[in-house]
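Listed below, chain by chain, are the residues.
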Amino acid sequence: MAGPVFLSAIVPSLRPPRQYSLFMIRTELILSSFLINKGGRGQIKQKKKTVPQKVTIAKIPRAKKKYVTRVCGLATFEIDLKEAQRFFAQKFSCGASVTGEDEIIIQGDFTDDIIDVIQEKWPEVDDDSIEDLGEVKK
């Protein structure tokens, strides 16, 4: 690794003063690294997480004999969760909400119907990629 490059070495019209103060040297090093690296920090590329494309459906008990249906994994198929939530609420005439990064909660037990509805609405989700977990505690 090369030593520090002073700004005066890059831009010849800048002549160094006879005595450098510690502040001037520090400023000069920061400015020169900024000019050389075009911003100081390079572009940090984030690795995309390879999440398996799988939709999971679970029935979660509430009070007494009431249930909610949780649908996870639609975002791995690049399906807009807000649009899916509106579709489920309209299709099943119930309340539905997006609760997590990749989770939709539907009020009511629709585990049997929702598999057919998902395949009908989004054909890219095939039968093998949908998993019914059954009744699960929250």
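All residue numbers refer to position in the chain's written sequence, counted from 1. This being a predicted model, a pLDDT of at least 70 is required before a residue's local features are given, and a value of 80 or more before pairs of side-chain atoms are given or counted; all residues contribute to the totals for chains, interfaces and linings. Only hydrogens and water are set aside when side-chain values are computed; all heavy atoms of the structure are taken into account.

### Structural notes on the overall build of the protein chain
We apply this condition: Comment: elements are numbered from the N terminus, with helices defined as DSSP H or I runs of at least four residues and strands as E runs of at least two. Buried, partly exposed and exposed residues are distinguished by accessible area as a fraction of the type maximum, computed with a 1.4 Å probe on protein chains only: under 20%, between the cut-offs, and over 50%, respectively. In what follows, residue pairs with any heavy atoms lying within 4.5 Å of each other are defined as contacts. Residue burial considers only the protein chains on display, and all accessible areas are found by Shrake-Rupley using a 1.4 Å probe.
Along its length, the protein chain carries four helices and five strands. The order of helices and strands in the protein chain, counted from the N terminus, is α-α-β-β-α-β-β-α-β. The burial tally for the protein chain puts 30% of its 138 residues in the buried class. Here the analysis covers contacts within the protein chain between residues at least 6 apart in sequence; of these, 52% occur between residues at least 24 apart. Taken as a whole, the protein chain presents about 10,600 Å² of accessible surface, with 52% of it coming from carbon and sulfur.

### A word on helix H3 (residues 81-92)
Here is the rule: In this scheme, a helix's expected span is set at 1.5 Å multiplied by one less than its residue total. Picture the helix axis, draw a direction to every C-beta atom, and the arc is the one those directions span.
With 12 residues, H3 should cover 16 Å at 1.5 Å per step; its first-to-last C-alpha distance of 16 Å lies within 8% of that length. All of the buried residues in H3 are Leu 81, Ala 84, Gln 85, Phe 88, Ala 89 and Phe 92. End-on, the buried residues of H3 take up no more than an arc of 135°, which puts them together on one face. Turned more than 90 degrees from where H3 packs its buried face, Arg 86 and Gln 90 sit exposed.

### So, the nonpolar core
Our working definition: Among buried residues, the Ala, Val, Leu, Ile, Met, Phe, Trp, Tyr and Cys ones that are joined through side-chain atoms within 4.5 Å form a nonpolar core.
By size, the foremost hydrophobic cluster in this structure holds 23 residues, and its most contacted members are Val 55, Leu 74, Phe 88, Ile 106, Ile 114 and Ile 118. Elements represented by at least two residues in this core include exactly strand S1 (55-61), H3, strand S4 (103-107) and helix H4 (111-121). Among the elements that line this core, the one with the most residues is H3, at five residues. Beyond its immediate stretch of four places on either side in the chain, Ile 114 contacts Ile 57, Val 71, Phe 88, Phe 92 and Ile 106.

### Some words on the packing of aromatic side chains
To be explicit about the condition: In this scheme Phe, Tyr and Trp rings, the latter by its six-membered ring, pair at centre separations within 6.5 Å, and the angle between planes marks the pair as stacked below 30 degrees, edge-to-face above 60, and tilted otherwise. Each ring is checked for a lysine NZ or an arginine CZ that lies within 6 Å of its centre and within 35 degrees of its normal; such an atom marks a charge sitting over the ring.
Taken as a whole and assessed by the stated rule, the structure comprises five aromatic pairs. With 4.4 Å between their ring centres and 20° between their planes, Phe 92 and Phe 110 make a pair best called stacked. Placement of Phe 92 in helix H3 and of Phe 110 in the loop between S4 and H4 is noted, with a sequence separation of 18 residues between them. Neither Phe 92 nor Phe 110 differs from the other in exposure class; each is buried. In this arrangement the basic side chain of Lys 59 is found over the ring face of Tyr 67, its NZ or CZ atom lying 4.5 Å from the centre.

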